Amino acid sequence: MGPFNPDGSFAAVPAGDRLKRAAVRGAGATIFAAALAFAIQLGAMVVLARLLTPADFGVVAMVATVSLLLESFGIAGFTEAILQREDVTHGLASNLFWVNIGGALALAAGLAAAGGWLAAFYHDPLVRGVAEGMAGVVAINGLSAVPLALLQRGMRFGTVSAINTAAQIARGAVAIALALAGWGFWALVAGYVAHRATRAAGALGACRWLPKLPGRSPGTGDSLSFGLKVYGRYALNYGANNTDNLLVGWRFNASALGFYKKAYDMFVLPANQLTAPVWSVVIATLSRVRQEMAQYRRYLLGAIGVVAFAGMGIGADFTLVGRDLVRFLLGPQWGEAGRIFQLFGPGIGVMLLYAATGWIHVSIGRPDRWLRWGVVELLLTTGLFVAALPFGPRGVAAAWTIAYFLLAVPGFWYAGKPINLGVGTVAATVWRYFAASALAFGAAFFVVKSLALFAAAPGAFGALERAVWGTVAFTALYAAAVIAFHWGLAPFRQLAGLLREFLPRHGGAAARLAAAPAGERGNE
């Protein structure tokens, strides 16, 4: 019996050139849909930032710090278990579905019951009601994990992207409408509910699959073990990524957390739009070629090269213009968020690259190693946050950037050890982009400073003008530095090839993600 497909059939997973085309076009559909979802999310954020206060965002963030971990049960874990298995039967998928539903209901009840404790921890009585509302979000989210994973396994990434885009539209529309009606922070809670309900309905409808009653099915125990290890790793990573919110909310207040959380959301925005959307595409593709290690390494290093090209440029540019970008998007009342965001900026490119260590662990079927590495992440980041807390939210933001620089090299060494992928091989792929971004940042800062482009022009449009001129200067200098370091246009050709493959009518069979890494293309 072959792998289970979302349309109810059992057929072979694409291989060879068909797998390459499916992977690259899946990545294209996902990235373009993520860009659309980003535009929707950004528009909603701009409107809501002017309708609500930093304290409104802060009180919801206090609960979301916990609820997002709980609602990720199944989404993180069972998705990877379904994607990486050679065979997935109807019975196995059904068992995972019912386990996920049971777990989600139990976690939702736990969150509702913990509302009073959270309110006492944060010294804010409003937190209790928010926790009870977010418990419904946790319960609803349990419906979508397995159907979405089956769609992704069947390479129906365009469908998944459409579902996620519709969910973003629902979230923004509901939150804005209720904010206009004077609901305050409850508008944000209702937006979460609308997002998860829309995603669950879309996944169940598009999958065209109904689970049968739970029963004995080969592979259930192994899949549960795999999924729980991945979720355990996710929980550790989540703890590392959200201890800062807990500490800032506990040490300061809802307004301080609101400023910090908005800056943090801008910090992780590139990851949410670049690496997170293609996570399932990359895992599904690498898992299919892991028996051919030479091909696996080409795919992996090619993808890392593309991420480095984009990520290093975005991180340096956001460091240069981030303060004015936040001021323009959110308004002058969010000026402190802009100052915090500038301290996040230097870590953006390294954060995007570091995500590739997870690709390796999961695709080679070693979630146990990923779980153990999560302990290292948690201890390091938590220690840095505690040390930085006396310096306020800005100090915590700087701690994030330091953490990613400290974790990157040992993280790639540990992830690559089972497949003999050395840090030097990864460094050969990315160092030129790192050097180009640093050089371009320094030159762009000097240019805009010399030309007085950062003079104190008034209002939001003055901030926009400074951000645009700074970005134009940096982009031109970064492109020139990339060309100089690569002795030619090879990175741009690779990116152009990817864009051509993304187009649905393009018939080319070569997957640019599998192109030779940048370190081997220096003389092209």
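Cut-off values and rules
- Throughout, residues of each chain are indexed from 1 in the direction in which the sequence is written.
- Where local features are concerned, this predicted model is filtered to residues with pLDDT of at least 70; where side-chain atom pairs are given and counted, the filter is 80 or more; whole-chain, interface and lining totals use all residues.
- Derived side-chain values reflect all non-hydrogen atoms in the structure, with water molecules and hydrogen atoms excluded from consideration.
- The rule is short: rings of Phe, Tyr and Trp, with Trp giving its six-membered ring, pair when the centres are within 6.5 Å, and they are stacked under 30 degrees, edge-to-face over 60, tilted in between.
- Helix numbering and strand numbering both begin at the N terminus, where a helix is a DSSP run of H or I of at least 4 residues and a strand a DSSP run of E of at least 2.
- Type-normalised accessible area, obtained with a 1.4 Å probe on protein chains alone, sets the label of each residue: buried when under 20%, exposed when over 50%, and partly exposed for intermediate values.
- Lysine NZ or arginine CZ positioned within 6 Å of the ring centre and within 35 degrees of the ring normal marks a charge as sitting over the ring.
- Each salt bridge in this description consists of a side-chain nitrogen of Lys or Arg and a carboxyl oxygen of Asp or Glu lying within 4 Å of one another.
- By definition in these notes, contact holds between two residues if any of their heavy atoms fall within 4.5 Å.
- Think of a polar contact as two N or O atoms within 3.5 Å of one another; within protein, one of them needs to be a possible hydrogen donor and the other a possible acceptor, and neighboring residues in sequence only count if both atoms come from side chains.
- Here, the term nonpolar core denotes a set of buried Ala, Val, Leu, Ile, Met, Phe, Trp, Tyr and Cys residues that are joined through side-chain atoms within 4.5 Å.
- The predictor attaches a confidence to each residue, and that confidence, scored 0 to 100, is pLDDT.

A. The packing of aromatic side chains, seen in detail. Inspection of the entire model under this criterion finds 26 aromatic pairs. Residues Tyr 260 and Phe 344 carry aromatic rings whose centres are separated by 5.7 Å and whose planes lie at 55° to one another, so their mutual orientation is tilted. A residue pair is termed long-range when its members are at least 10 positions apart, and Tyr 260 in helix H11 (residues 254–273) and Phe 344 in helix H14 (residues 335–344) qualify at 84 residues. No difference in accessibility class separates Tyr 260 from Phe 344, as the two residues are buried. Chaining the aromatic ring pairs together yields one cluster made of Tyr 260, Tyr 264, Phe 267, Phe 344, Tyr 354, Phe 385, Trp 400 and Tyr 404. Sitting above the plane of the Tyr 192 ring, Arg 171 keeps its charged end 4.5 Å from the centroid. In this structure, Arg 369 packs its charged tip against the face of Tyr 414, placed 3.9 Å from the ring centre.

B. Layout of the pattern of salt bridges. For the structure on display, the rule yields eight salt bridges. Residue Arg 128 pairs with Glu 132 through a salt bridge whose shortest N-O separation is 3.9 Å. A residue pair is termed a helical-turn pair when its members lie 3 or 4 positions apart in one helix, as Arg 128 and Glu 132 do in helix H6 (residues 126–141) at four residues. Classification of Arg 128 by relative accessible area gives partly exposed; the value is 48%. Using a relative accessible area of 44% as the deciding quantity, one classes Glu 132 as partly exposed.

C. Region of interest: helix H16 (residues 356–363). The buried fraction of H16 amounts to eight of the eight residues, a majority that puts the element mostly inside the structure. When H16 is considered as a whole, its buried residues turn out to be Ala 356, Thr 357, Gly 358, Trp 359, Ile 360, His 361, Val 362 and Ser 363. The first or second residue beyond H16 is Gly 365, which carries a positive phi of 75°.

D. Inspection of the environment of Gln 333 at higher detail. Along the chain, Gln 333 turns up in the loop between helix H13 (293–330) and H14. Exposure remark for Gln 333: the relative accessible area of 39% places this residue in the partly exposed category. Remark: the alpha-carbon pair of Gln 333 and Pro 54, spanning 279 residues in sequence, is separated by 8.8 Å. Sequence-distant contacts of Gln 333, that is, excluding residues within four places in its chain, are made with Ala 49, Arg 50 and Phe 259. Polar contacts involving the side chain of Gln 333 include one to the main-chain carbonyl oxygen of Ala 49, which spans 3.3 Å.

E. Region of interest: the nonpolar core. Counting residues in hydrophobic clusters, the biggest one holds 118 residues, and the most contacted among them are Phe 267, Phe 344 and Trp 359. Considering each element in turn, this core owes the most residues, 17 residues, to H13. Among all residues touching Trp 359, those that are not within four sequence positions of it are Trp 279, Val 282, Ile 283, Leu 286, Tyr 296, Leu 300, Ala 303, Ile 304 and Val 307. Leu 151, Ile 163, Ala 206 and Trp 209 belong to the second-largest nonpolar core, a separate cluster that totals 19 residues.

F. Representation of the confidence of the model for the protein chain within the structure. Across the protein chain, pLDDT averages 81, with 85% of residues at or above 70. Across the protein chain, helix H18 (residues 392–416) holds the top mean pLDDT of 93, while helix H21 (residues 490–502) sits lowest at 68. Here residues 1–13 is a poorly scored stretch, pLDDT under 50, and it has 40 contacts once near neighbours within four places are set aside; other chains count. Low confidence marks residues 502–524, where pLDDT is under 50. Its contacts with residues over four positions away, or in another chain, come to 59 contacts.

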